[in-house]
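Close look at the chain arrangement
One letter stands for each residue in the lines below.
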Amino acid sequence: MELDWSLGHYEPTGKLLLPISERVVTMSEPLVGKHIIDLGCGTGNAALLAAERGAVVTGIDPAARLLEVARKRAAERGLQVEFAAGDAASIPVGDGTADLLLSVFAVIFAPDAEAAIAEMTRATAADGLIRLTSWIPGGSMTAINRTAGQFMAEVFGGGESPDPGAATPLAWHDEAALQEAFAAHGFSVELERHSLQLKATSPEEYLEESAQHPMAVSGAQALASRSDGEELQAELHRRLLAAVRDVNEDSAAFQVSNEYAIVTARRSVA
Ligand SMILES: C[S@@+](CC[C@H](N)C(=O)[O-])C[C@H]1O[C@@H](n2cnc3c(N)ncnc32)[C@H](O)[C@@H]1O
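A short tour of the structure in this document, coming up. (Residues numbered from 1 in each chain as written. Predicted model: local features only at pLDDT ≥ 70, side-chain atom pairs only at ≥ 80, totals over all residues. Heavy atoms only, no water.)

1. Quick look at the packing of aromatic side chains
In this structure the tally under the stated criterion is 7 aromatic pairs. Geometrically, the ring pair formed by F105 and W135 is stacked, given 4.2 Å between the ring centres and 15° between the ring planes. With F105 in the loop between β4 (98–104) and α4 (113–123) and W135 in strand β5 (residues 124–135), this residue pair connects regions lying 30 residues apart in the sequence. Linked through ring pairs, W5, Y10 and F109 together constitute an aromatic cluster. Cation over ring: R226 sits above F156, and NZ or CZ is 5.9 Å from the ring centre. (Phe/Tyr/Trp six-rings, centres within 6.5 Å; stacked < 30°, edge-to-face > 60°. Helix = DSSP H or I, 4+ residues; strand = E, 2+ residues; numbered from the N terminus. Lys NZ or Arg CZ within 6 Å of the ring centre and 35° of its normal.)

Structure, rendered in structure tokens:
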């Protein structure tokens, strides 16, 4: 089942990820007059930064609540940005619209990666770029998410045979896998690696903020539907705190480093 990103409170995570949008937008300059699509714009991080640099921006996201937050942020800054409901599998723009199609940790959640790549390449101008970000497995973020995923699989069962109609998962951080997926649409891919430090005053504070993330809220709702929901939630919290402490790099507070990829795709020269 697809996650409803309107659940809970994504905003603290959006703030933590803002430096990545800053990097992606800055490396894409100059942007004046260019049409930028921010696919999976969430609360509008990249969309607003691009609009501030003179781009004509369309932010697209399936989560209605996050679009409202993004609209409010744009209005507060006096920025003209069009925000629209939409999904990577069906991007609501014409062919060749985007000079730059950005997707900061967003298209990687599309259940059908092949459909998303077909749509992104369709929506990008002949000389345009697609630029997306993806976490590189092995970092603290993936360790913490794995702890939660394993616990939910223990509680609700997991590992059953996959739906034959299900989309093929794509390793969005893997240059060779991306090269193959984009080559089918005449695009070639370059990948850069970077690292983001996430900080908090303590592991407990980090976990408390993370508890508002749509994934955590969705998991908590599922656990609450069980008669032993309270014990299960307490056990998940205990395991997550252990995982967060385990990856902590700062004994006096909290810091973790997360490797991520910036992937740039452009049409191959014939
Ligand atoms: C981790 S958030 C990133 C949001 C924003 N780009 C940022 O940097 O803060 C993931 C975003 O992807 C969006 N998303 C999830 N599935 C999507 C899909 N199939 N197509 C487009 N966006 C999707 C979510 O609604 C959410 O806003």
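2. Brief notes about the sheet that holds β5
An order of β3-β2-β1-β4-β5-β7-β6 is seen for the 7 strands of this open sheet, with the pairing classed as mixed. The sheet is open, and its two edges are formed by β3 (82–85) and β6 (187–200), each paired on a single side. Going across the sheet, the axis of each strand differs from the next one's by a mean of 20°, ignoring polarity. As paired elements, strand β2 (residues 56–61) and β3 share 4 bridges and run parallel to each other. Looking across to β3, one finds that I60 is bridged to A84. Packing against the sheet, helix α1 (residues 11–27) makes contact with β4, β5, β6 and β7 (254–267), and its axis sits at approximately 145° to β6. Against the sheet, helix α6 (residues 175–183) contacts β5, β6 and β7, and its axis sits at roughly 135° relative to β6. (Pairing = 2+ DSSP bridges. Axes fitted to C-alpha atoms, helices over the stretch in contact; angles between N-to-C directions. Contact = heavy atoms within 4.5 Å.)

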